[in-house]
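Fold and contact review
In case you want the letters, here they are:
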Amino acid sequence: MDFEHVPVLLNETLDALLTDPDGIYVDGTLGGAGHSYEICRRLSGRGRLIGIDQDADAIAAATERLKPFGEQATIIRSNYSEMCERLADLGIDRADGILLDLGVSSYQLDTPARGFTYREEDAPLDMRMDQRQSRTARDILATYSEQELYRMIRNYGEDRFAKNIAKHIVAARRDRPIETTGELNEIIRAAIPAKVRATEGHPSKRTYQAIRIELNREVEVLTDSLDGMIDRLRPGGRLCVITFHSIEDRIVKTNFKRNENPCTCPDNFPVCVCGKVSKGKMLTRKPVLPSAEEMAHNQRAKSAKLRVFERAQDA
C-alpha cells in the first residue's frame, strides 16, 4: 500500500511554525511528507526544507512526493535524535523552525507486516520504526524478565493490569515462543477481566503502545533531543511538537517550561544567582487540540496535542 500520511493539526502547525518564507525548516519525523509538502508550498524560492526519518518506506514515499520542489527539499534517513549532527553535515548552524510529529503513521499501522497494530491477528511481532535495527518486539517478549515486562507495560502503557499481563506473557512463552500479534492478543485477553474487556476497548492497545515505545526508545530519544533542537533555533525560531499520548506530552511540557524558566535558585532568594538564562518562551500554555471537524474526519487525530516553543530574540 502507499505510504499515506494524513497530517494532523496541519493549519495550526503551519501557522505556528512558518515565521519566514525564506527560512530553513526541519521536519524531524518526515513520514509520508504530509506536513513537509505543505511547508514547501509556502516557502519562497530561497526557503529550504530538511526532512528526516528513520523508516525506509517513509524515505521512499517522501522522496517521490517532494520531487516537485527539487533542491529546496533535502531528505535524510536518520533518527531525529541525530538532527544536530545532520544539520552540521549540511553546514546549517540554525533553523527557523523545527517540527516533530510523534507516534505511528497510518501506513505503519495499516501495514500488517510491520507488526504495529493489535487489530491484525496474524502479523509478525516486529514494530521497528527503523528496519536496520536488529531487535524486534518478538525479542522483547522472549527475553525480558517478568519484572522488566511489568515495568514497561506499567510505565509506557499505563495499564493497571500490567503485572498480570507480564505474568501471563512469561507463562505463555514457557510453552512456545510468542510469534504473532494474534498469539499476543490472546495472552493479553486472558490477563484482563472480561468485564473490563467489554467496556474499555481493545485490551491490547496499551501493551502494544508500551512495547513500541520500549523497542524504539521513544521516551529516551524525545527527552534527550529537545534541548539540542531549541539550541539550533534562530532567534524567534519555533519548535513545534505534536504528541499522541500523555507520556510524550508531559515530557514536552516539562522541557518547554524548564527552557523558559531554568532558574534553580530557591524561591526565597531575592535575586537569581544560578546564572541560568531563559532560552525563550512557551507559546502554548495549553496545548492546541484538533477541531471537532478534523476529529470527525480523522479518528487518529483525537489524541493529538500541539505545543510550541519560541526561541528568545536575543539568543
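Residues numbered from 1 in each chain as written. Predicted model: local features only at pLDDT ≥ 70, side-chain atom pairs only at ≥ 80, totals over all residues. Heavy atoms only, no water.

**Some points on the environment of Pro68**
The following threshold applies: Numbering of helices and strands runs from the N terminus, with a helix taken as a DSSP run of H or I at least four residues long and a strand as a DSSP run of E at least two residues long. Only protein chains enter the accessibility calculation, which uses a 1.4 Å probe. A residue is then buried if its area is under 20% of the maximum for its type, exposed if over 50%, and partly exposed in between.
Structurally, the position occupied by Pro68 is in the loop between α3 (56–65) and β3 (73–77). Assessed through its relative accessible area of 64%, Pro68 is described here as exposed. Measuring from C-alpha to C-alpha, the distance between Pro68 and Gln299 comes to 30 Å, with 231 residues separating the pair along the chain.

**Regarding the packing of aromatic side chains**
Threshold: Stacked, tilted and edge-to-face pairs are distinguished by plane angle, under 30 degrees for stacked and over 60 for edge-to-face with tilted covering the rest, among Phe, Tyr and Trp rings (Trp via its six-membered ring) whose centres lie within 6.5 Å. Note on criteria: charge over ring means Lys NZ or Arg CZ within 6 Å of the ring centre, with the direction from the centre no more than 35 degrees off the ring normal.
All told, the structure shown has 3 aromatic pairs when counted by the stated rule. With a centroid separation of 5.8 Å and 85 degrees between ring planes, the pair formed by Tyr118 and Tyr208 is classed as edge-to-face. A residue pair is termed long-range when its members are at least 10 positions apart, and Tyr118 in the loop between α5 (106–110) and α6 (137–143) and Tyr208 in helix α11 (residues 205–215) qualify at 90 residues. Judged by relative accessible area, which is 12%, Tyr118 ranks as buried. A ring pair is formed by Phe256 and Phe309, whose centres lie 5.4 Å apart and whose planes are at 50 degrees; its orientation type is tilted. Within this pair, whereas Phe256 is found in helix α13 (residues 246–260), its partner Phe309 is found in strand β7 (residues 305–311), the two being separated by 53 residues in sequence. For Phe256, a relative accessible area of 0% gives the class buried. Under the relative-accessibility criterion, Phe309 is labelled buried at 0%. Over the aromatic face of Tyr37 sits the side chain of Arg65, whose NZ or CZ is 4.9 Å from the ring centroid.

**Quick word on unusual backbone geometry**
Both trends apply: most residues other than glycine have a negative phi, and most peptide bonds are in trans. At Met127, a position not held by glycine, the phi torsion is positive, near 70 degrees. Along the chain, the position of Met127 falls in the loop between α5 and α6. Met127 sits in the buried class, given a relative accessible area of 0%. Although it is not a glycine, Arg217 adopts a positive phi angle of roughly 55 degrees. Mapped onto the elements, Arg217 comes out in the loop between α11 and α12 (218–231). Accessibility expressed as a relative area gives 43% for Arg217, which makes it partly exposed.

**Concerning the sheet that holds strand β4 (residues 95–101)**
Convention followed: Strand pairing requires that DSSP identify at least two bridges connecting the strands. Working convention: axes come from line fits to C-alpha atoms, limited for helices to the stretch in contact. Angles between N-to-C directions cover 0 to 180 degrees.
Taken in spatial order, the 7 strands of this open sheet run β3-β2-β1-β4-β5-β7-β6, and their pairing is mixed. This sheet does not close on itself; its edge strands, each paired only once, are β3 and β6 (280–282). Direction aside, the axes of adjacent strands within the sheet are offset by 15 degrees on average. Pairing of β4 with strand β5 (residues 233–243), which is carried by 6 bridges, proceeds in the parallel orientation.

**Some points on the packing of helix α7 (residues 146–157) against α11**
This is how it is decided: Oblique is the label for any angle not covered by the other classes, which are roughly parallel (under 35 degrees), roughly antiparallel (over 145) and roughly perpendicular (65 to 115). Should any heavy atoms of two residues lie within 4.5 Å, those residues are counted as being in contact. Residues are sorted three ways: Asp, Glu, Lys and Arg are charged, Ala, Val, Leu, Ile, Met, Phe, Trp, Tyr, Cys and Pro are nonpolar, and all the rest, Gly among them, are polar.
The interhelical angle for the contact between α7 and α11, taken along N-to-C directions, is 100 degrees, at an axis separation of 8 Å. Classified by the interaxial angle, the pair formed by α7 and α11 is roughly perpendicular. Here α7 contributes Arg151, Met152, Ile153, Tyr156 and Gly157 to the contact with α11, which in turn contributes Arg206, Thr207, Gln209, Ala210, Ile211, Ile213 and Glu214. Looking at side-chain class alone, the contact of α7 with α11 contains 6 nonpolar, 3 polar and 3 charged residues.

**Here's the deal with the environment of Gly23**
Looking at the secondary structure, you find Gly23 in the loop between α1 (10–17) and β1 (24–27). The exposure class of Gly23 is buried, given its relative accessible area of 3%. On a C-alpha basis, the gap between Gly23 and Leu233 in space is 11 Å, while along the polypeptide they are 210 residues apart. Setting aside anything within four residues of it in sequence, one finds Gly23 in contact with Leu43, Gly47, Arg48 and Asp96.

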